Amino acid sequence: MATVMSVVSALGLVGLAGVCVLGLFSLVVGLPGTFLILLAGVVYAWATGFATVTWGTLGWLALLAVIGEGIELALGSGVAGSARPSRRVAVAAILGSVLGGLVAAPLLFGLGALFGALAGAFLGAGVAAHSESGDLGHAMRHGWGAFKGRLAGFVVKSAVGVAMTLILMAAALGLGNG
């Protein structure tokens, strides 16, 4: 009986790790993978009776997921640019990023979504800024700021996702309990 439980426990850990890796990959294609990692933690905690992954761990994971998504949204809207964008430019950067990611997702085994999102943020912000001012230099500055912001947002959210995965796997393995 102990061997059966060991196999089930090992399969549970492998499944948890697999869903976490899927969550990290989903960040590349522009999906909220941090929440997938959180959901995996909730399911694992429930399935194991909260033995190693506790409510405290889940609370920290939820906080990290919200922070990661919030930072990505703020940076991706062009807030990181040198010139503070108008609301219209910020919304255009976000919409361009989403549209670009969706259009390019089939390319390069899904990695095209990242490049599409970056290009979409650049184009969305650039077109909106150009329509406001008519100045190509102004549009390029806003487009470049949106590109850099979207890239920084992706890097930060990816780092948060990796941290969440490490915290969750350490808790599941019982490394922080004792």
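Cut-off values and rules
- Residues numbered from 1 in each chain as written.
- Predicted model: local features only at pLDDT ≥ 70, side-chain atom pairs only at ≥ 80, totals over all residues.
- Heavy atoms only, no water.
- Helix = DSSP H or I, 4+ residues; strand = E, 2+ residues; numbered from the N terminus.
- Buried < 20%, exposed > 50% of the residue type's maximum accessible area, 1.4 Å probe, protein only.
- Contact = heavy atoms within 4.5 Å.
- Areas by Shrake-Rupley, 256 points an atom, 1.4 Å probe, with all protein chains shown as cover.
- Salt bridge = Lys/Arg side-chain N within 4 Å of Asp/Glu carboxyl O.
- Core = buried A, V, L, I, M, F, W, Y, C linked by side-chain atoms within 4.5 Å.
- Axes fitted to C-alpha atoms, helices over the stretch in contact; angles between N-to-C directions.
- Parallel < 35°, antiparallel > 145°, perpendicular 65-115°, else oblique.
- Nonpolar A, V, L, I, M, F, W, Y, C, P; charged D, E, K, R; others polar.
- Patch = residues over 30% accessible without salt bridge, like charges linked within 9 Å, V, L, I, M, F, W, Y side chains within 5 Å.
- 1 Å grid on protein atoms, 1.4 Å probe; cavity = no way out; pocket = protein on both sides within 12 Å on 5 of 7 lines; lining within 4 Å.
- Points joined across faces, edges and corners; volume = space filled by probe spheres on them.

Caption draft 1: Here's a closer look at the overall build of the protein chain. Across its full length, the protein chain holds 6 helices and 0 strands. The helix and strand sequence of the protein chain, counted from the amino end, reads α-α-α-α-α-α. Its C-alpha atoms give the protein chain principal-axis dimensions of roughly 75 × 30 × 20 Å. Within the protein chain, buried positions represent 39% of all 178 residues. In the protein chain, the share of contacts with a sequence separation of at least 24, taken over all contacts with a separation of at least 6, comes to 66%. Looking at the protein chain as shown, the accessible area adds up to about 9500 Å², and 79% of this sits on carbon and sulfur atoms.

Caption draft 2: Summary view of unusual backbone geometry. Here the phi dihedral of F50 falls at roughly 60 degrees; this positive angle occurs in a residue that is not glycine. Positionally, F50 belongs in the loop between α2 (33-47) and α3 (55-79).

Caption draft 3: Broad picture of the pattern of salt bridges. Inspection of every chain in the model, using the stated rule, returns 3 salt bridges. Between E69 and K157 there is a salt bridge whose closest N-O contact spans 3.1 Å. On the criterion of sequence distance, the pair formed by E69 in helix α3 and K157 in helix α6 (residues 136-172) is long-range, its members being 88 residues apart. Of the two residues examined, E69 and K157, each falls in the buried class.

Caption draft 4: Structural view of the nonpolar core. Judged by nonpolar contacts, the single largest core of 17 residues is most densely connected at L16, V53, L61, M164 and L168. Secondary structure elements with two or more residues in this core: α1 (2-28), α2, α3 and α6. The dominant element in this core, judged by the number of residues it contributes, is α6, at 6 residues. Discounting chain neighbours no more than four positions away, the residues touching V53 are G41, Y44, A45, L58, L168, A171 and A172. Grouped together as the second largest cluster of nonpolar side chains are 9 residues, A121, A125, A139 and A146 included.

Caption draft 5: Highlighting the packing of α2 against α6. Close contact between α2 and α6 brings their axes to 9 Å; oriented N to C, the two are set at 10 degrees. As judged from the angle between their axes, α2 and α6 are roughly parallel. Residues T34, I37, L38, G41 and Y44 of α2 lie in contact with α6, whose contacting residues are K157, V160, G161, M164, T165, L168 and A172. When the residues that make up the contact of α2 with α6 are grouped by side-chain class, the tally is 7 nonpolar, 4 polar and 1 charged.

Caption draft 6: Spatial organisation of a nonpolar patch on the surface. Residues F25, L107, L108, L111 and F115 make up a contiguous nonpolar surface patch of about 500 Å² in total accessible area. Relative to the helices and strands, F115 resides in helix α5 (residues 112-133). Overall, the relative accessible area of 49% leaves F115 in the partly exposed class.

Caption draft 7: Spotlight on the layout of surface pockets. The space that makes up the largest pocket amounts to roughly 370 Å³. Those elements that provide at least two residues to the lining of the largest pocket are α1, α3, α4 (87-104), α5 and α6. A class-by-class count of the residues in the lining of the largest pocket yields 12 nonpolar, 5 polar and 4 charged. By volume, the second largest pocket amounts to about 250 Å³. If you trace the second largest pocket, you find 12 residues lining it, with V8, G12, Y44, A47 and T48 closest to the centre.

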